[in-house]
Amino acid sequence: MALVNGIHFRNLRGDLFGGVTAAVVALPLALAFGVSSGAGPIAGIYGAIFVGFFAALFGGTPTQVSGPTGPMTVVMAAVFTQFSAIDPVQGPMLAFTVVLMGGFLQMLFGLFRLGNYITLMPFPVISGFMTGIGLIIIALQLAPLLGHESMPSVLASIQALPHNLATFEPTALGLALLTLLIVFFCPKALARMIPAPLIALVVGTLGYLWLFPQAPIAIIGEIPSGLPQWHWPQIEPDLLQEVILAAVMLAALGSIDSLLTSLVADNLSKTQHDSDRELIGQGIGNMLAGLFGGLPGAGATMRTVVNIRAGGQTPISGATHALILLLIVLGAGPLAEHIPHAVLAGILIKVGIDIIDWDFLRRLHRAPPVVVVLMLLVLGLTVFVDLVTAVLVGVFLANVITIKRLSDIQLDSIRVISGAEAETAGILSAREQEIMRQGGGRLLLYHIDGPVSYAAVKGMTKKLADSQPYEVLLFDMTAVPMVDVSTTMAIESMIVDARQAQREVYFIGMSPSVRHVFERMQVLARLPESVLFEERLEALEDAYQRIS
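Residues numbered from 1 in each chain as written. Predicted model: local features only at pLDDT ≥ 70, side-chain atom pairs only at ≥ 80, totals over all residues. Heavy atoms only, no water.

### Quick look at the overall build of the protein
The condition that has to hold: A run of H or I in DSSP becomes a helix once it reaches four residues, and a run of E becomes a strand once it reaches two; helices and strands are each numbered from the N terminus. Here the globule rule is a power law, 2.2 Å times the number of residues to the power 0.38, and the radius of gyration is based on C-alpha atoms. For each residue, the accessible area found with a 1.4 Å probe, counting protein chains only, is set against the maximum for its type, and the residue is called buried under 20%, exposed over 50%, and partly exposed in between.
Along the backbone of the protein there are 24 helices and seven strands. In terms of overall size, the protein is more extended than a compact globule, its C-alpha atoms giving a radius of gyration of 31 Å where 548 residues would be expected to give roughly 24 Å. Taken along its principal axes, the extent of the C-alpha atoms in the protein is 105 × 60 × 55 Å. Per-residue burial for the protein yields a buried fraction of 53% across its 548 residues.

Right, dumping it as structure tokens:
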């Protein structure tokens, strides 16, 4: 029996077990992300509920489990701090409006079928900003680890570190170190039954309550129980630009984060996700999270992997994970009120360490210098500026580098052949070589092999300008599968220059797609139909007769 979105009940037992297991993993992380963001632990739970349920229901990755993630929390923490500082009363509502708008933008990404393009990002850029996000999470947890209040930024955390080290709270540090020991060294057999973060959460909290109940350390405090309240979107005209920029940042990061996790899910489940549908589902989930005061979310890699390994195969597992968390909110809120911030800091530090791209860092010394510089630049901009700047700068520089390489390759494929080079060109038949020799340099064959784009425009123009005087210019495009408008206009300029110098211009072997571009840009209108040839030999013989 099938429902909407490809949901089937054939794997109900596996889906339910996968959803319950994912919920157990998600609970401590949602609480920790909520506290780290500044919006409160309940915001993390609400985000996991709404994004988790609706992304599963409407998304395009059946096995994916969604909710607050490290990268999204880093951005949300900056957004929450920014707008709360501007307006302490309305600031939180503006922050959740950003979440709503970000979700709406994600839906538009999906509706406009941008899903397949979002992950087309150079690996050094992805590696740099993921490593940067991991370092941000670690840096922001250093103060709670030592028993102090969280810092609003990485720089503030680093600047406060000497003072925090000198005045650390022993109980907080001890609980944090205990948490780190558990999440790093929990026996695998035990971790398969009970996730290590949950063990650390329970052990750390019980240790605090039984051994150090009077210690002066920060705890979560009161957590609201019951259903979430509706938050009407707040729009301040003076802050509209900041709200839109923050929403774009959340939407872009959430889309990248989710689709990268979808690729992981594909590899594990041997399925193929629908990128555009996934963005629509994530957008719906984030819009509802913003309306009900929840953190923004995305596809969560660890929870998705746990779900698949526990038997989850359909969206039922992701929806089950969200419903389990909802039941916890409705009745178990008071049980989490005594969780120390230091314990959550230990859990998040492990999250940050896992996000860092250690695999690429270990091989960084083997990468080309330009790749190393690009990765480290994106990393630095992510940590000390902001994620959007890091990604935009990284993608721009990566594209410039790629375009330069493509330009060199394309220019190497262009040969300007006159009579003297006819035999050594390696592309002409014996008869064609003979015609070029008889032409005595008056015939100039401009042979292009492969696609040509704007990257090679300047170089291809220069190659012709450096050639010796000629009477007939023949563009051999037999091996050209495509051209862009820039190339077409550059060739038009060559045609104009040749005609002004009283020289003939021929075209050879234009494919239908190439000819369509030339005709659409009205370049061929400058030439008579008689100079358009399918075969190179035929064109050379006609050109030779003209100069004889």
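### A word on the pattern of salt bridges
Where we set the bar: By definition here, a salt bridge exists when the distance from a side-chain nitrogen of Lys or Arg to a carboxyl oxygen of Asp or Glu is within 4 Å.
Here the structure, examined in full by the defined rule, presents 14 salt bridges. For Asp-476, the salt bridge is made with Arg-536, and the minimal N-O distance between the two is 2.7 Å. One end of the pair, Asp-476, is in strand S5 (residues 472-479); the other, Arg-536, is in helix H24 (residues 536-547), with 60 residues separating them in the sequence. Arg-536 sits in the buried class, given a relative accessible area of 16%.

### Remarks on the packing of aromatic side chains
In plain terms, the rule: Each Phe, Tyr or Trp ring, with Trp reduced to its six-membered ring, pairs with another whose centre is within 6.5 Å; inter-plane angles below 30 degrees give stacked pairs, above 60 give edge-to-face pairs, and intermediate values give tilted ones.
The final tally for this structure, using the stated rule, is 12 aromatic pairs. Geometrically, the ring pair formed by Phe-123 and Phe-360 is edge-to-face, given 5.1 Å between the ring centres and 80 degrees between the ring planes. Of this pair, Phe-123 sits in helix H6 (residues 123-140) while Phe-360 sits in helix H17 (residues 358-362), placing them 237 residues apart in sequence. An angle of 45 degrees between the planes, with centres 6.3 Å apart, marks the rings of Phe-184 and Phe-185 as tilted. For Phe-185, a relative accessible area of 63% translates into the label exposed.

### Here we look at the packing of helix H20 (residues 430-439) against H24
In plain terms, the rule: A fitted line through C-alpha atoms represents every axis, and for helices the fit uses only the stretch in contact; the resulting angles, taken between N-to-C directions, go from 0 to 180 degrees. These descriptions rest on fixed angle ranges, namely under 35 degrees for roughly parallel, over 145 for roughly antiparallel, 65 to 115 for roughly perpendicular, and the rest for oblique. Left-handed describes a crossing whose near helix is turned anticlockwise from the far helix by less than a right angle; the clockwise case is right-handed. In this description, contact between two residues means that some pair of their heavy atoms is separated by no more than 4.5 Å. Three residue categories are used. Nonpolar comprises Ala, Val, Leu, Ile, Met, Phe, Trp, Tyr, Cys and Pro, charged comprises Asp, Glu, Lys and Arg, and polar comprises the others, including Gly.
Put simply, H20 and H24 touch, their axes get as near as 10 Å, and they point 20 degrees apart. On the basis of the axis angle, H20 is roughly parallel to H24. Note on packing geometry: the crossing formed by H20 with H24 is left-handed. On H24, the residues that touch Arg-431, Glu-432, Ile-435, Met-436, Gln-438 and Gly-439 of H20 are Arg-536, Leu-537, Leu-540, Glu-541, Tyr-544 and Ile-547. Along the lines of polarity and charge, the residues of the contact of H20 with H24 split into six nonpolar, two polar and four charged.

### Remarks on the sheet that holds S5
Keep this limit in mind: A pair of strands is treated as paired once DSSP finds two or more bridges between them.
One open sheet accounts for five strands, arranged S3-S4-S5-S6-S7; its pairing is mixed. Both edges of this open sheet fall to strand S3 (414-417) and strand S7 (532-533), since each of them pairs with a single strand only. As defined by bridge partners, strand S4 (residues 443-449) adjoins S5 across six bridges and the pair is classed as parallel. Counted as the bridge partner of Asp-449 is Ala-479 from S5. Packed on one face of the sheet, helix H21 (residues 457-465) meets S3, S4 and S5 and runs near 160 degrees to S4.

### Notes on the side chain of Thr-314
Cut-off, in case you're wondering: Counting of polar contacts relies on pairs of N or O atoms within 3.5 Å, with two restrictions inside protein: one atom must be capable of donating a hydrogen and the other of accepting it, and residues adjacent in sequence are counted only when both atoms are side-chain atoms.
Structurally, the position occupied by Thr-314 is in the loop between helix H14 (301-309) and helix H15 (315-331). Here Thr-314 falls in the buried class, since its relative accessible area comes to 9%. Looking at Thr-314, its side chain comes within polar contact range of the side chain of Asp-15, at 2.7 Å.

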